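So the chains spell out like this:
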Amino acid sequence: MAQPSQAAGGLASIPALLHRNATEYGDRPAYREKEFGIWQSWTWKETETEITNLALGLINLGVNEGDFIAIIGRNRPYMYWSMVAAESVGAIPVPLYQDAAAEEMAYVLDHCGARFVIAEDQEQVDKVIEIQDRLHQFEHMIYLDPRGMRKYDHSRLHEFAHVQEQGHAAREEFTPELRRREAKLDYASTCVMLYTSGTTGKPKGVVLSNRNVIESAKNSAEFDHLRGNEEILAYLPMAWVGDFIFSVGQAYWCGFCVNCPESAETLTVDLREIGPTYYFAPPRVFETQLTNVMIRMEDAGKLKKRMFDYFMALAKKVGPSILDGKPVGFGDRFKYWLGNLCVYGPLKNTLGFSRVRVGYTAGEAIGPEIFDFYRSLGINLKQLYGQTEATVFITVQPDGEVRSDTVGVPAPGVELKIDDSGEVFYRSPGVFEEYYKNAESTASTKDAEGWVATGDAGFIETDTGHLRIIDRAKDVGKMADGSLFAPKYVENKLKFYPNILEAVVFGNGRDQCMAFINIDLSAVGNWAERNNIAYTSYQELAGHPKVLETIRDHVEEVNRSVAQDEMLSGCQIHRFLVLHKELDADDGELTRTRKVRRRIIEEKYEDLIDALYGGKDEIYTETEVTYEDGRKGSISATLKLIDAAVVPVATQKVAAE
Amino acid sequence: MSNEEGYVTADGRKIGGTLMEMKNITLRFGGVKAITDISFDIKEGEIRAIIGPNGAGKSSMLNVISGFYVPQEGEVWFKGAKRPPMKPYQVAQQGIARTFQNIALFEGMSVLDNVMTGRLNHMNAGMFQQAIWKGKAEREEVENREVVEKVIDFLEIQSIRKTPVARLPYGLKKRVELARALAAEPMLLLLDEPMAGMNVEEKEDMSRFILDVNDEFGTTIALIEHDMGVVMDLSDRVVVMDYGKKIGDGTPDEVRNNQDVIDAYLGVAHD
């Protein structure tokens, strides 16, 4: 797809879009925020005035073109205005995660050399003050909520409202300068800089240009037919690229309204009150909501419970087909309509999803049951696959082609290729400019032709054109017979069972796959209680014959499902064991974000892996554990090693040759 | 207003002249002397603590200030004038609000309605107007709701705005009580053991709120508290009572080193 060097109609920057919206949809709401118990709203016209005053105030404070302005706070209209005002004056906004500790902020603020900081409240101001001695370029801080800061030294501190007032007072003097700076902004100028969360090493500053942001927003808005009357709820961290695209890029491109919740605690109530039409959440949010619904249904009356069960079973059967517009019999349609009246409608209303037209989930794999639950209710939940470096969009699922195991087709304007090792590469108008002050990383991620490595291994399904992500590229290996080994693919399938908390699959370079499994104490414990199975400890429960039997059923089910996959059928699990302790970040077995650290587990439990491959029936083991206070102890157990049935398949060597 | 001069606190706040003065207060219940000849003052803008062991007469003292008890002897001076014996609601109208040791909220009502009751003194539409909710009644409701919402925002209880008080945990109920007292926009705020029964985190929150109230609205605060750490950190001046008598008065440091106070708290051999 050709990349236009200039946008149509001179709309080449976020401030330009702001002025267009203020002229064309001046009276439509642009922002709402619940404050003092009421939804306060600002039209596009008012938004333009607020942002202009702030921009003039920033010039008045001495912001130069090319300066970095860090923005720290939760989703509030004022914070979004700060980002746009920063761009208006030719500076580069850098939103930070507001829950980051002062130490983490110090690195980012120092790395970008921010001269100005716009902070939401005392909490954020205190953090910056704590580290300001180390920040050589830091000069002024603007704060939004004056509470508690009356006694602070105000030589470098400024209140947001005062900055706006001063800017407004000096409008005669600075307006020409502001217009001049705005006129200089084009597709190539920087729109925003976002720091990647940094799972490996220090965070990297991803520089996104206006082209990246506006083209991505435009393409994705067309893809999902987003219009000016959408309502979204802005609640995800402002430092995350997704929020920037949804709440700034797409909002300014389409001219729709961004709603900010009153506080993090009131989110569910605010969600219901707004009833967004376009919604985004990571899988864990959907998961928690589903769990809450299920727990509350357990407490419901008999009649309600039966109604819920009956109609949910029906929804599971026909809901997704109705959503996709596939043919469904009249009888089922009628029953679904009835169900909508009695169950689905009220449930969606409780969840705040009554009006959702397009919903997205991304970030990690979502369990098929969770995904299907929402879709069967008639909520158009889809998956997308993206990265900060791509300005979010790499692949998205088109309406009517939604599945839980793929991440969709390339987004408009995105080209995909898979290299020999299976790693996914993409090229698009959204591809980032560079990592700030890190030419080396830029070069190793983005090649001269603009192809970017995702670090994920995957393949494109030949019949549908959908991309399937298998695993992180560095974890993918080969089995002894040459077939593909992708541990996470199998582990995810296992983890979708509520009984299984964590799974680790081994088999790189071997002829068979083996697995460690952690049971989920709350789910299995609940099951044990209901079935009158007594247990005294995690270890005892994990070793209970009935539990082992259940887990074996799960593993065999997974094997059957894995066997259907041509490329990965070699990854079926031949033998497994249920670990006597939970994998724990304190023991170094998981990262703090609960990701499995494969190498460390492999070393630590070498005896268990050997026993699995050695064909023994049980093994005695002792494991060192670290308590939360740092003391060490050890636990011992005799673990059963269990065989699981596998589905025989012809190996895929032929295809490889 | 009294002409007595104020002072400047250690953290640089300017404290004004005397707001309230207790002169030789004695309170008797039949033959029992709850308070014996106590005098002290509360200055504008300060945080004044009243401490003492159990049964020292602290709550009685607070009830004298709030007008619930009328002392047999002595005078209460408020804003430079001697206060005649008053009903508690008249005291409230003068700008004194309080919280209670054992939470006294309307359990069945929502947080919002409870806090709205703190505005009663600011509403004077008649019953008939209230009933049809037109004109003055509606206008007043809107105005007062605005004040209440600011308090709710200030104390960060937005998420429980519509929750019935009975469903709240103890720590939050205490905060709602503070909200109701604040909604009255008092000059003098009386807090009867605001931290009693709280865990460390709740105590920290409450301390923060007390300091913020004082800082943000300039409200004078008189509080009774058992937790010495809290008292010493929060208050500007402390009155110490024991067996109904005043045994110490001064800054936290002065009081801490006062031998009588140490004896009262640690106990001393009686002859």
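What you see is a predicted model, and the numbers here were worked out from it, not measured in a lab. (Residues numbered from 1 in each chain as written. Chains lettered and ligands numbered in written order. Predicted model: local features only at pLDDT ≥ 70, side-chain atom pairs only at ≥ 80, totals over all residues.)

Undergrad: Explain the overall build of chain A to me, and be specific about the residues and the numbers.
TA: Along chain A, the regular secondary structure elements total 22 helices and 29 strands. Compactness check: chain A gives a C-alpha radius of gyration of 27 Å against a globular reference of 26 Å for 657 residues, within 12% of the reference. Taking the principal axes of the C-alpha coordinates as reference, chain A spans close to 85 × 60 × 55 Å. Within chain A, the fraction of its 657 residues that count as buried is 43%. (Helix = DSSP H or I, 4+ residues; strand = E, 2+ residues; numbered from the N terminus. Rg over C-alpha atoms; globule rule 2.2 N^0.38 Å. Buried ≥ 20, exposed ≤ 12 C-beta atoms within 10 Å, placed from the backbone.)

Undergrad: Please set out the overall build of chain B residue by residue, giving values where relevant.
TA: Along its length, chain B carries 10 helices and 12 strands. If one aligns the C-alpha atoms of chain B with their principal axes, the spans along those axes are about 70 × 40 × 40 Å. Sequence separation of at least 24 residues holds for 67% of the intrachain contacts in chain B that already meet a minimum separation of 6. (Contact = placed C-beta atoms within 7 Å.)

Undergrad: Any chance you could break down the domain arrangement of chain A for me, citing the residues and the numbers?
TA: All names here are of chain A. Domain boundaries assigned for chain A yield domain 1 (8-226 + 234-249), domain 2 (280-472) and domain 3 (480-655). Taken over C-alpha atoms, the centre of domain 1 sits 30 Å from the centre of domain 2. Each side of the interface is counted separately: domain 1 has 26 residues, and domain 2 has 21 residues. If you list the elements that add at least two residues to the side of domain 1 that touches domain 2, you get helix 4 (102-112), strand 8 (190-195), strand 9 (205-209), helix 8 (210-223) and helix 9 (241-254). If one sorts the elements of the side of domain 1 that touches domain 2 by residue count, helix 8 sits on top with nine residues. Class assignment of the residues belonging to the side of domain 1 that touches domain 2 gives a composition of 12 nonpolar, nine polar and five charged. (Domains from an automatic or database assignment. Nonpolar A, V, L, I, M, F, W, Y, C, P; charged D, E, K, R; others polar.)

Undergrad: Would you mind going over the packing of helix 11 (residues 283-298) of chain A against helix 14 (residues 368-376) of chain A in detail, with residue names and values included?
TA: Residues and elements named next belong to chain A. At a minimum axis separation of 10 Å, helix 11 and helix 14 run at an interaxial angle of 75 degrees. Regarding the angle of helix 11 to helix 14, the classification is roughly perpendicular. Residue-level inspection shows Pro283, Phe286, Glu287 and Leu290 of helix 11 in contact with helix 14, the latter providing Ile370, Phe373 and Tyr374. For the contact of helix 11 with helix 14, the residue count by class is six nonpolar, no polar and one charged. (Axes fitted to C-alpha atoms, helices over the stretch in contact; angles between N-to-C directions. Parallel < 35°, antiparallel > 145°, perpendicular 65-115°, else oblique.)

Undergrad: I'd like to hear about the environment of Arg98(B), residue by residue, with values.
TA: All names here are of chain B. With respect to the helices, strands and loops of the structure, Arg98 is situated in strand 8 (residues 96-98). Judged by the 25 C-beta atoms lying within 10 Å of it, Arg98 falls in the buried class. For the pair Arg98 and Thr36, spaced 62 residues apart in the sequence, the C-alpha separation amounts to 23 Å. In this view, Arg98 contacts Ser66, Ala181, Leu190 and Asp192; residues no more than four positions away in its chain are not counted.

Undergrad: I'd like a description of the interface of chain A and chain B, backed by residues and values.
TA: Contact residues are listed per partner, giving 10 residues for chain A and 11 residues for chain B. For the side of chain A that touches chain B, the per-class residue count stands at one nonpolar, four polar and five charged.

Undergrad: Describe the sheet that holds strand 21 (residues 467-472) of chain A, with residues and values.
TA: Residues and elements named next belong to chain A. The antiparallel open sheet is built from four strands, whose spatial order is 17-18-20-21. The strands lining the two open edges of the sheet, one partner per strand, are strand 17 (415-418) and strand 21. When strand polarity is set aside, the average angle formed by the axes of neighbouring strands in this sheet is 50 degrees. In the sheet, strand 18 (residues 423-427) pairs with strand 20 (residues 452-460) via three bridges, with the strands oriented antiparallel. Bridging across to strand 20, Tyr426 finds its partner in Val452. (Pairing = 2+ DSSP bridges.)

Undergrad: Describe the pairing of strand 12 (residues 245-250) of chain B, and please don't skip the residues or the numbers.
TA: Two elements, strand 11 (residues 237-242) of chain B and strand 12 of chain B, share five bridges in a ladder whose sense is antiparallel. Note that in strand 12 of chain B the partner of Asp242(B) across the bridge is Lys245(B).

Undergrad: Now, about unusual backbone geometry: what can you tell me, with residues and values included?
TA: We note that Lys437(A) has phi near 50 degrees; this positive angle belongs to a residue other than glycine. Following the sequence through the fold, Lys437(A) ends up in the loop between strand 19 (434-435) and helix 15 (439-445). With a phi close to 50 degrees, Lys79(B) is a non-glycine residue in the positive phi region. Structurally, Lys79(B) is set in the loop between strand 6 (73-78) and strand 7 (81-82).

Undergrad: Before we move on, can you summarise the nonpolar core with the specific residues and values?
TA: For soluble globular proteins, the rule of thumb is that nonpolar side chains tend to be buried together. Formed by 182 residues in total, the largest nonpolar core has its most connected members in Ile69(A) and Ile517(A). The greatest single-element share of this core, amounting to nine residues, is contributed by helix 9 of chain A. In contact with Ile69(A), other than residues within four places in its own chain, are Val63(A), Ala86(A), Ala91(A), Pro93(A), Val94(A), Ala114(A), Phe116(A) and Ile118(A). Met22(B), Leu105(B), Val148(B) and Val238(B) belong to the second-largest nonpolar core, a separate cluster that totals 65 residues. (Core = buried A, V, L, I, M, F, W, Y, C linked by C-beta atoms within 7 Å.)

Undergrad: Lay out the pairing of strand 5 (residues 47-51) of chain B in plain terms, naming residues and giving numbers.
TA: Residue and element names in this part refer to chain B. In terms of residue burial, strand 5 counts as a mostly covered element, since five of its five residues are buried. Here strand 5 shows no split at all, with Ile47, Ala49 and Ile51 on one side and Arg48 and Ile50 on the other all buried. The pairing of strand 5 with strand 10 (residues 220-224) spans four bridges and is parallel. Looking at the pairing, Arg48 lines up with Ala222 of strand 10. Of the pairings in the sheet, the one linking strand 5 to strand 11 comprises four bridges and is parallel in character. Paired with Ile50 across the two strands is Val239, which belongs to strand 11.

Undergrad: Go over the sheet that holds strand 8 of chain A, please, and point to the residues and values.
TA: All names here are of chain A. Spatial strand order, 8-9-19: three strands in an open sheet with antiparallel pairing. Where the open sheet ends on each side, the last strands, each with one partner, are strand 8 and strand 19. When strand 9 meets strand 19, the two strands line up antiparallel, connected through two bridges. For Val207, the partnering residue across the bridge sits in strand 19 and is Glu434.

Undergrad: Could you give an account of the confidence of the model for chain A, naming the residues involved and the relevant values?
TA: All names here are of chain A. Overall, the prediction assigns chain A a mean pLDDT of 88, with 96% of residues at 70 or greater. Contacts of residues 1-6 to residues separated by more than four positions or lying in other chains number five contacts, the stretch itself having pLDDT below 50. In this model, residues 652-657 is a region of pLDDT below 50 whose contacts with residues beyond four sequence positions or in other chains number six contacts. (pLDDT = per-residue confidence, 0-100.)

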